[in-house]
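Residues per chain are reported as follows:
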Amino acid sequence: MDLKGLTSKQVEESRQKNGTNALTQIPPDPLWKKILEGFKDPMIMILLVALAVQVVLFFMGQAEWYEPVGVLIAILIANGVASVSENKQEGKASALKAEEEAKEMAKVVRDGKLEEIHVNDVVVGDIIYLQAGDKIPADGEIVEGECKVDQAALNGETEEAEKVPANGEAYDIKDLLNKHYAYRGTVVCGGEAYLEVKVVGDKTLFGELALEVQEETRQTPLQVKLAKLAKQISTFGYIGAIAIIVGVFISSAVRGQLPDTGIGWLKFAMNAITVAVTIIVCAVPEGLPMLTSILLSFQSMKMAKDNVLVRKINGLETAGSLSLLFSDKTGTITEGRLSVVELITGNVTKYDKFEKLCPELQLDIITGIGLNNSSQASDGQVIGGNSTDRALMTFLVDSKAEGKMNKDEVRAFNAFNSTKKMSSVTICRDGSFCTYVKGAPERIVDRCTHYIDENGNKKELIEKGVVMQYIDEQAARSMRLLGVAKRDGESDEGDLTLVCVLCIRDNVRKEAVAAIKEVQDAGIQVVMVTGDRKETAVAIAKDAGLLRNPEDVALTSQEMGEKTDEELKAIIPHLRVVARALPTDKSRLVRCAQELDYVVGMTGDGVNDSPALKKADVGFAMGSGTEVAKEAGDITILDDNFSSIAKAILYGRTMFKGIRKFLIFQLTVNVAAVLTCFIGSLFGVEGEQMMTVVQLLVVNLAMDTLAAIAFGSEPALKEYMKDKPIPRQESIVSKKMFFQFVISGLYLTLVCLAIRFFICDHQSIFGIEKTGEDLYTYLRSALFATFMMGITFNGFNARTEHMNVFENLGRNKTFLIVMGVLLLVQFVFVTFGGAPLSVEALNAKTWLVCIVLAFLVIPIDMIRKAIMGAPKASE
């Protein structure tokens, strides 16, 4: 065929008519937009309401300027940290992608000349020259030559597809295994060919899949839980605020202290509203959005050191909630390359290591698979050849046997012949010619009359049936088998002497087996989804530990397609393997599982995985995978190691645990503050506040901010992987948590009320003799100090479910520093706060009593743990 390609004019006409080969990219949201989106967070919205009320009170002269400013700072920090962190992660991913895209070139024939252009400049009608190692730039038909193509990027499998000219033969372009049509993103492994481009850009199969992954995803489990919590907290705050206003009114009415003038009523109303707003501010855990941001950023940085890039910041927290993980097979559970796993001689003596063979047999195998091979070994690296030849050469390289190959002995080499189903090499050794063949084992064994035994001796092959039985058994185990034989002379025709039969397979990663078990022990169902035939998939699944029980199910794509969604949903809890899977199958599996309320994860590296990676709650893309897969995924596993997925899950669970610990700490503060202010306003002196607005703001900002840093540094404990996944709709506040913060909050409330009402009549306990306003100020100071110390000590209760509140403290030195700072800060506030904080310095006896009362929150919670049953100490 005369291939002159398009002229410059035809190129422009084709580009105008059919478009360019560039793929449509939806740019990530700019930083300012991420920040604006952050204000939709339910917690942030509650804070915005509190801020608005504080601003109104400030202009009415009922609040100091620093009160609304403090809330504003908390909002900006909480929202800004998450937005900036995610923006940086996306920037890194975009930079890597741009660097890769800049290198993508294509060899094209135009105006009768071969030239190299950027992939984006390819147009419909171009003639592309393809060689081994080239990535195909667009979809098209082979018009000349022949080649073998690795289509793993599209179908996830290592088996190469042969591509030859159609010569008028009809074929289905939707069938990736057709022999005439090649696809963008696949790689040429061998041969040379010319491809005529039929479609470009988004219309290619690669482009269609790339577009599909750029759609919106649903809320993360944490977002669902926090939205629910925000609603509960806001309801609690609003009811508490209304109750206080009503309570103050009733209390004043009972005492006969209701105002009798318009100005009096205005002051009375403003006083009640001020207290009510204070309650709302107390009820909102301002530090929670900040804690979430700090945790996500902190854990993301730690994971980067473990070769895990958290591309989308919410992906990490979702990983901690996973209940179902769909995993690609090739390159994820398996090594993604063929390896020799076993070989036998003619008497079915098995060997798993080359070193165990006798020298004579070693030399025959080196010649039979090393010299009779289209790949080359250079400095320990294997270059060129198809996947089978590379596997054979790698076997020799790993056995340090490649140096024993003498290429000078080669007289003739015949590459694999599809008619003969074998390749051959003729050598001259010690003046004698010998021809070695390798290929389809059943054909080679059928021609063998003798074999080389384990001692290197030639013996008559009598029991061919035993060898054929072994071949059938290994084929059932998904092995790819290859026969190696030899004969004297320069021809490959005639009787043969069997050297060995080799078993080749894409092996299961050693670390993947342990990682899969760890993930399963964490209560997460793992399902392998592959394009392999069912027999192969089942064999791999058994080796990987996925198929262990009689009720475990393996389906093919066809079997799955015959089932309705409802029938498939009934099977999903027992599903372990899906074979011959199509990209649409993966997306359907994710959708059905999500409708069953599973939190779904998906791992993969090819374009075929991308739609499901995007639809899943969290997508794990492999670092060696396609850019489309990385774009679709939330987390990129840079080292392609399945065990890194287990690490991501552990870090995600650690983050979720950190949030729960913070909530116990913060909600204890909120319950104690609300109840103290509410009860105090009912039974206290008119106009008197148990704690002032400024004091409560100090508690909120100091405790929220510093506590967020403390709990954000909690270590990742292996015991977290023994917990079962938390359902998407389950409240973030568990029953145990509820009892913990309510009991601790009630204790602190009782202590505060006792200081105000009991010590008032028993001043000797504090070693004081005061009256009037001086007494109230002193008691308020003691109450403030005890409250601050009590919630600080309660931090030790919150950070562990075990009886020993000090365990693993050495692994979170930040926590110790923060708690020390909190104790120091409250001492400084009480001693030197003066009029702005409505406090005065306390004497030594008062400090001692306050410390004891505050510290008792620890043994009280230990009693609760003993009654409710604390878990065993962590490892």
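All values derive from a computational prediction rather than experimental measurement. (Residues numbered from 1 in each chain as written. Predicted model: local features only at pLDDT ≥ 70, side-chain atom pairs only at ≥ 80, totals over all residues. Heavy atoms only, no water.)

(A) Region of the structure containing the overall build of the chain. Counting secondary structure elements, the chain contains 29 helices and 26 strands. A burial count over the chain gives 56% of its 875 residues as buried. (Helix = DSSP H or I, 4+ residues; strand = E, 2+ residues; numbered from the N terminus. Buried < 20%, exposed > 50% of the residue type's maximum accessible area, 1.4 Å probe, protein only.)

(B) Structural detail: the sheet that holds strand 21 (residues 525–529). In spatial order, the strands read 8-26-25-24-9-21-23-22; together these eight strands make up an open sheet with mixed pairing. Each end of this open sheet is capped by a strand with a single partner; those strands are strand 8 (308–310) and strand 22 (553–556). Neighbour-to-neighbour, the strand axes of the sheet open up by a mean angle of 20°, direction not taken into account. Here four bridges tie strand 24 (residues 600–604) to strand 25 (residues 618–622), and the two strands are oriented parallel to one another. (Pairing = 2+ DSSP bridges. Axes fitted to C-alpha atoms, helices over the stretch in contact; angles between N-to-C directions.)

(C) Structural detail: the pairing of strand 25. For strand 25, a buried count of five out of five residues is recorded, marking the element as mostly surrounded by other parts of the structure. Here strand 25 shows two buried faces, one formed by Val618, Phe620 and Met622 and the other by Gly619 and Ala621. Judged from the three bridges that link them, strand 25 and strand 26 (residues 635–637) form a sheet pairing that is parallel. By the bridge assignment for strand 26, Met622 is matched with Ile637.

(D) Seen up close, the packing of helix 24 (residues 735–758) against helix 25 (residues 772–798). As a packed pair, helix 24 and helix 25 sit with axes 9 Å apart at the nearest point and diverge in direction by 160°. Here helix 24 is positioned roughly antiparallel relative to helix 25, judged by the angle of their axes. Pair helix 24 / helix 25 crosses with right-handed handedness. When helix 24 is examined against helix 25, the residues Gln740, Ser744, Leu748, Val751, Cys752, Ile755 and Arg756 are found in contact with a partner set consisting of Tyr776, Leu779, Ala782, Leu783, Thr786, Phe787, Gly790, Ile791, Asn794, Asn797 and Ala798. Here the contact of helix 24 with helix 25 is built from residues that sort into eleven nonpolar, six polar and one charged. (Parallel < 35°, antiparallel > 145°, perpendicular 65-115°, else oblique. Left-handed = near helix turned anticlockwise from the far one by under 90°. Contact = heavy atoms within 4.5 Å. Nonpolar A, V, L, I, M, F, W, Y, C, P; charged D, E, K, R; others polar.)

(E) Structural context of the state of the cysteines. Applying the stated rule across the entire model yields zero disulfides. No disulfide involves Cys147; its nearest neighbouring cysteine sulfur is the one of Cys189, lying 9.0 Å away. The class of Cys147 is buried, set by a relative accessible area of 3%. (Disulfide = S-S within 2.5 Å.)

(F) How the structure looks around the packing of aromatic side chains. For the structure on display, the rule yields twelve aromatic pairs. Ring centres of Tyr171 and Tyr181 lie 6.2 Å apart, and the angle between their planes is 40°; this geometry places the pair in the tilted category. Of this pair, Tyr171 sits in the loop between strand 5 (161–163) and strand 6 (181–182) while Tyr181 sits in strand 6, and the two are ten residues apart along the sequence. When its relative accessible area of 5% is taken as the criterion, Tyr181 is described as buried. Summarising the aromatic geometry, the rings of Phe793 and Phe855 are spaced 5.4 Å apart at their centres and angled 80° between planes, so their arrangement reads as edge-to-face. Of this pair, Phe793 sits in helix 25 while Phe855 sits in helix 28 (residues 844–855); the two residues are 62 residues apart in sequence, bridging distant segments of the chain. (Phe/Tyr/Trp six-rings, centres within 6.5 Å; stacked < 30°, edge-to-face > 60°.)

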